[in-house]
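Below are the chains, spelled out letter by letter.
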Amino acid sequence: MTKIAIVGNIASGKSTVEKILQEKGFEVYDTDKIAHKILEENKHLFPQAIVEDKIDRKKLANIVFNDKEQLKYLESIIHPKIREFIKNIETEGTVFVSVPLLFEANFEDLFDKILFISAPVEIRLERLMKRNNLTKDEALVRINAQLREEEKISKCDYVIINDGSIEKLKSSIYLITNLNKSRKLEM
């Protein structure tokens, strides 16, 4: 089995890459979805972010992105459980795991290869504002909370620049994965 991390800063296009890989027949996991489940199971730890008995992720984001101690606390709950999940993945062939905070959480040791999805900050800012209905300032707080792309790219095996069409993105993915009929990655 080959485990490949899909990494990229917020609004770089990781979810789109995940969908394309799934369409190609690869097994793909998204640690954001796993984190949301863990968070719901531990919502009692963030009562100030509960609305109608569920975590309001926008409220929680406003709390943790404006208070480094709260962010560390949240990560101390979520990161160990995600690490355990990734360690326990067993499958044939190649599996992709989207891990937006791979480097921040020090999960590099769990993967054979790392694929970075890059997009210019202006594009990410626009996507994030539109996708999450955020103001420019709110979006910039989230963007600036992550390590800079340049720092991450230097630690990756592959980089896809996601600044164009879906067709261009699919071509880039195909070139990197070099798909064959057995759906195993040739590297």
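Small disclaimer: the values here were computed from a predicted structure and weren't measured.

**Q** Hey, could you run me through the packing of aromatic side chains in this one?
**A** Given two aromatic rings, their pairing is described by the distance between the two centres and the angle made by the two planes. Counted under the stated rule, the structure contains three aromatic pairs. Ring geometry for Tyr 29 against Phe 85: centres 5.4 Å apart, planes inclined by 75°, an arrangement best described as edge-to-face. One end of the pair, Tyr 29, is in strand 2 (residues 27–30); the other, Phe 85, is in helix 4 (residues 68–87), with 56 residues separating them in the sequence. Given the relative accessible area of 23%, Tyr 29 is considered partly exposed. We classify Phe 85 as partly exposed; its relative accessible area is 29%. Ring centres of Phe 46 and Tyr 73 lie 5.5 Å apart, and the angle between their planes is 50°; on these two criteria the pair is classed as tilted. One end of the pair, Phe 46, is in the loop between helix 2 (31–41) and strand 3 (50–51); the other, Tyr 73, is in helix 4, and 27 residues separate them in sequence.

**Q** Would you explain the sheet that holds strand 1 (residues 2–7) in this entry?
**A** The strands making up a sheet associate through backbone hydrogen bonding, with each pair oriented either parallel or antiparallel. Judged by pairing direction, the sheet is parallel, and its five strands sit side by side in the order 2-5-1-6-7 without closing on themselves. Because the sheet does not close on itself, it has two edges, and the strands there are strand 2 and strand 7 (158–161). Put simply, the sheet's adjacent strands are angled 20° from each other on average, direction ignored. Pairing of strand 1 with strand 6 (residues 113–118) involves four bridges; the strand directions are parallel. Across the sheet, residue Ile 6 finds its bridge partner in strand 6, namely Leu 115.

**Q** Sorry, what's going on with the pairing of strand 2 here?
**A** A regular strand places its side chains so that they alternate between the two faces of the sheet. Only one face of strand 2 is buried: it carries Val 28 and Asp 30, and the other face, with Glu 27 and Tyr 29, is open. Pairing between strand 2 and strand 5 (residues 94–98): four bridges, direction parallel. If you follow Glu 27 over to strand 5, its bridge partner there is Val 95.

What counts, and at which threshold
Residues numbered from 1 in each chain as written. Predicted model: local features only at pLDDT ≥ 70, side-chain atom pairs only at ≥ 80, totals over all residues. Heavy atoms only, no water. Phe/Tyr/Trp six-rings, centres within 6.5 Å; stacked < 30°, edge-to-face > 60°. Helix = DSSP H or I, 4+ residues; strand = E, 2+ residues; numbered from the N terminus. Buried < 20%, exposed > 50% of the residue type's maximum accessible area, 1.4 Å probe, protein only. Pairing = 2+ DSSP bridges. Axes fitted to C-alpha atoms, helices over the stretch in contact; angles between N-to-C directions.

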